[in-house]
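The lines below spell out each chain.
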Amino acid sequence: MSWLFGYKSQVPQGGPPPPGGEGGDAAGSPASAGQAAGDQNLTKAERKAMEAYRFDSSALERAAEAARTLERSKHAREALELSKLQEGTRQQEYMAKVKEYEAHIEQSKVEQKRVDHEERRKTLAEETKQQQQRAQYQDQLARKRYEEQLAQQQRVQEENLRKQEESVAKQEAMRRKTVEHEMELREKNKMKLLEAELRAKAKVDRENRDLTLEQIRLKAEENRVTVMESIKTAGSVLGQGATALLTDWNKVATTVGGLSLLALGVYSAKGATGVASRFVEARIGKPSLVNETSRFSLLEAVRHPIDTLKRLKPKPTDALQGVVLQPKLEERLRDIAIATKNTKNNKGLYRNILMHGPPGTGKTMFAKKLASHSGMDYAIMTGGDVGPMGRDAVTALHKVFDWANTSRRGLLLFIDEADAFLRKRSSEQISEDMRSALNAFLYRTGEQNPRFMLVLASNTPEQFDYAINDRLDEMVEFTLPGLEERERLIRLYFDKFVLQPAAEGKKRFKVEQWDYSAVCSRMAKLCEGMSGREISKLGVSWQAACYSSEAGVLTEQMVLDRCEASVRQHKQKMAWLSEQEKLDHKSITGGKGFLPQQN
């Protein structure tokens, strides 16, 4: 549209010059040539000024011509409308730019206010910091002044106390000097009195010396005469009696016979008493080393009648009834139980067994059940009781084996912690008494016996003497429970210590409703490494938790808390073990094992 508004158009070089016409000169007219010649005489600045006032009329002519052409055209109105629309569009664009500029200005103002607010906030924070530092400094100054005042007061008090102590010390020194002077004077007076008394006594003794010597001589002479008369009298009496006895042979025979009968009676009574005591101990009582036995005795029945009646109840027919153990170990123990029962019924020779493993895995419990299943009596003794007996240990061991040989039903002799007195003689420094006890034990167990069965239990079987290992026919290892055995055991004790008391309706013992099975499975995973005895104690701790609560209700959280506490205690016990104990008890961290039901 530049042609419409008179803008200059770019004319290509070499084109035809604009035609001459109205209001204009041709390019080659003389006026133009004169004007060009005049312009050459002007300076550069003047020429620029002249260019500003020049007017090109050809543009107006072209605009007029275009307007006439546009009026004659049938699209004149549309062109005008299009021009108006273009102008409106330019106005809108201009207004949009104005609004954008105004918005930018407003945003700048907001940003400036934000910056001012941030600066003001920083200024306030800095002023607050300065005030806090000033307050802290003033507080430090006040505290320092107060400490200096306290120190000054303390120094004054110490000075006063020192002066008082010096005054008291001076007074005490003066009093001590006075007392010492008085005591010195008193001692001097006593010494003077004592010297006077000694002089007087010495003077009297010197004057009475002859009289005293005469009295002593007379007393000695009288004593000598009395002793001689006594000796003469006794000799004459004994001589007359001996003469009368030797001259009368009847009296001699009577005297000799009486003394012989007296000696025979003394020795006979002593021997009979020993035989009777051993008979009573073997038939009626029990040896001192035996701590517990199922063998009936009159003395035990009198002392513990209730326990004696309980033993008369029928025993279970299965040796493994009520226990939880690993399948392979269960199979092996069942074979031992069957063999022992058949040996008892056929009056064969019993086999000696060693049961070793960590504590609390059920060695003692199985020994009792084995004796009950086989129809035998059992006796339990501890190896730790042998050492303190010293020289009497040999006699006590012989009494135990003599007592075991008198059993009619057969006796299972269970020695717990047997390694306490059956240690190696070559590598261990043992006393002569312990060596003698070991030799006595080896002598009494040299051959298998149809009267009693020997069962040893130990946590450290590697400490046994080689001769002891030679006397063992069967060795069974009891290891710690695995995951399945722990879960079965926890369910067993949860039913015994929690569900059964709650079902019986005991006072102050109730259980909330929750998923018992899931909780038992969860606790079995937590109790890794714990023995059967420790898990049984966990069941007792559940009862204690219920009894200690205010409402007497056992909740799921209480059960889990007690389980976690037991696990922490087990880990603490394991941490307390020394390096040597960890080596000796290397089977503690072993796999699955025997888990007895604690009765």
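These figures come from a predicted structure and were not determined experimentally.

What to know about the overall build of the protein chain
Okay, so step 1: Across its full length, the protein chain holds 18 helices and 10 strands.
Okay, so step 2: Taken across its 599 residues, the protein chain has 26% of its residues classed as buried.
Okay, so step 3: In the protein chain, 80% of the contacts between residues at least 6 apart in sequence involve partners at least 24 apart.
Okay, so step 4: Accessible surface, the protein chain: about 41,900 Å² in total, of which carbon and sulfur atoms supply 55%.

Some thoughts on the nonpolar core
Okay, so step 1: In this structure, Ile-415, Leu-422, Phe-441 and Leu-456 are the most contacted members of the largest nonpolar core, which totals 31 residues.
Okay, so step 2: Counting residues per element, the ones that place at least two in this core are strand S4 (377-382), helix H11 (392-405), strand S5 (411-416), helix H12 (432-444), strand S6 (452-458) and helix H13 (466-470).
Okay, so step 3: Take this core: its biggest share by element is seven residues, from H11.
Okay, so step 4: Other than its neighbours up to four places away in sequence, Ile-415 contacts Met-381, Gly-383, Phe-421, Phe-441, Leu-454, Val-455, Leu-456 and Ala-457.
Okay, so step 5: The next biggest cluster of nonpolar side chains, apart from the first, holds 26 residues, and it includes Ala-524, Cys-527, Ile-535 and Leu-538.

Observations regarding the pairing of strand S3 (residues 353-356)
Okay, so step 1: A two-sided burial pattern is seen for S3, the buried positions comprising Ile-353 and Met-355 on one face and Leu-354 and His-356 on the other.
Okay, so step 2: Across four bridges, the pairing between S3 and S6 is parallel. If you follow Met-355 over to S6, its bridge partner there is Ala-457.
Okay, so step 3: Examined bridge by bridge, S3 and strand S7 (residues 474-477) share four bridges and lie parallel to one another. Bridge pairing in S7 links Ile-353 to Glu-474.

What about helix H17 (residues 556-576)?
Okay, so step 1: With 21 residues, H17 should cover 30 Å at 1.5 Å per step; its first-to-last C-alpha distance of 31 Å lies within 8% of that length.
Okay, so step 2: Of all the positions in H17, only Met-558, Val-559, Leu-560, Cys-563, Ser-566, Val-567 and His-570 are classed as buried.
Okay, so step 3: Close packing links the buried residues of H17 with helix H14 (483-503), helix H15 (516-526), helix H16 (532-548) and strand S9 (553-554).

Some points on unusual backbone geometry
Okay, so step 1: A positive phi angle is found at Lys-347, which is not glycine, with a value near 55 degrees.
Okay, so step 2: In this fold, Lys-347 is placed in the loop between helix H9 (327-345) and S3.
Okay, so step 3: A relative accessible area of 74% places Lys-347 in the exposed class.

Quick word on the packing of H11 against H12
Between two packed helices, what matters for the description is the angle formed by their axes and the separation of those axes.
Okay, so step 1: Two elements in contact, H11 and H12, have axes whose closest approach is 8 Å; the angle formed by their N-to-C orientations is 20 degrees. If you check the angle between H11 and H12, you find them roughly parallel. Like other packed secondary-structure pairs, H11 and H12 cross with a definite hand, here right-handed. Where H11 abuts H12, its residues Ala-393, Val-394, Leu-397, His-398, Phe-401, Asp-402 and Asn-405 lie against Ser-436, Ala-437, Ala-440, Phe-441, Tyr-443 and Arg-444.
Okay, so step 2: Each residue belonging to the contact of H11 with H12 can be placed in one class, and the counts come to eight nonpolar, three polar and two charged.

So, H11
Okay, so step 1: Its 14 residues place the ends of H11 20 Å apart at the C-alpha level, agreeing with the 20 Å of an ideal helix rising 1.5 Å per residue.
Okay, so step 2: Among the residues of H11, those classed as buried are Ala-393, Ala-396, Leu-397, Val-400, Phe-401, Trp-403 and Ala-404. Taken around the axis of H11, the buried residues stretch over an arc of 160 degrees, which confines them to a single face.

Topic: the sheet that holds S6
Okay, so step 1: The mixed open sheet is built from six strands, whose spatial order is S1-S4-S5-S6-S3-S7. Strand pairing shows two members of the sheet lacking a second neighbour, strand S1 (290-293) and S7, which therefore form its edges. Neighbour-to-neighbour, the strand axes of this sheet turn through a mean angle of 20 degrees, independent of strand direction.

Considering the packing of aromatic side chains
Okay, so step 1: In the structure shown here, the tally under the stated rule is 10 aromatic pairs.
Okay, so step 2: Connected via pairs of aromatic rings, a cluster forms that spans Phe-401, Phe-421, Phe-441 and Phe-452.

Here we look at a nonpolar patch on the surface
Okay, so step 1: Together, Met-191, Leu-194 and Leu-198 make up an exposed nonpolar region whose accessible area comes to about 280 Å².
Okay, so step 2: Along the chain, Leu-194 falls in helix H5 (residues 76-247).
Okay, so step 3: Note on Leu-194: relative accessible area 40%, which makes it partly exposed.

Concerning the packing of H9 against helix H10 (residues 363-374)
Okay, so step 1: Two elements in contact, H9 and H10, have axes separated by 9 Å at closest approach and are oriented at 40 degrees. Viewed along their axes, H9 and H10 adopt a mutual orientation that is oblique. H10 is crossed by H9, and the crossing has right-handed handedness. Note on element contacts: H10 touches H9 through Phe-366, Leu-370, His-373 and Ser-374, opposite Leu-333, Ile-336, Ala-337, Thr-340, Lys-341 and Lys-344.
Okay, so step 2: For the contact of H9 with H10, the residue count by class is five nonpolar, three polar and two charged.

Description of the pattern of salt bridges
Close approach of charged atoms allows side chains of opposite charge to pair.
Okay, so step 1: Counting across every chain of the model gives 20 salt bridges.
Okay, so step 2: In this structure, the salt-bridge partner of Glu-118 is Arg-121, at a minimum N-O distance of 2.3 Å. Of this pair, Glu-118 and Arg-121 both sit in helix H5, separated by three residues, roughly a single helical turn.
Okay, so step 3: A relative accessible area of 25% means that Glu-118 is categorised as partly exposed.
Okay, so step 4: Residue Glu-159 pairs with Arg-162 through a salt bridge whose shortest N-O separation is 2.2 Å. Remark: Arg-162 and Glu-159 occur in helix H5; sequence separation between them is three residues, near one turn of the helix.
Okay, so step 5: Given a relative accessible area of 36%, Arg-162 falls into the partly exposed group.

What counts and what doesn't
Residues numbered from 1 in each chain as written. Predicted model: local features only at pLDDT ≥ 70, side-chain atom pairs only at ≥ 80, totals over all residues. Heavy atoms only, no water. Helix = DSSP H or I, 4+ residues; strand = E, 2+ residues; numbered from the N terminus. Buried < 20%, exposed > 50% of the residue type's maximum accessible area, 1.4 Å probe, protein only. Contact = heavy atoms within 4.5 Å. Areas by Shrake-Rupley, 256 points an atom, 1.4 Å probe, with all protein chains shown as cover. Core = buried A, V, L, I, M, F, W, Y, C linked by side-chain atoms within 4.5 Å. Pairing = 2+ DSSP bridges. Expected span 1.5 Å × (residues − 1). Axes fitted to C-alpha atoms, helices over the stretch in contact; angles between N-to-C directions. Parallel < 35°, antiparallel > 145°, perpendicular 65-115°, else oblique. Left-handed = near helix turned anticlockwise from the far one by under 90°. Nonpolar A, V, L, I, M, F, W, Y, C, P; charged D, E, K, R; others polar. Arc of directions from axis to C-beta. Phe/Tyr/Trp six-rings, centres within 6.5 Å; stacked < 30°, edge-to-face > 60°. Patch = residues over 30% accessible without salt bridge, like charges linked within 9 Å, V, L, I, M, F, W, Y side chains within 5 Å. Salt bridge = Lys/Arg side-chain N within 4 Å of Asp/Glu carboxyl O.

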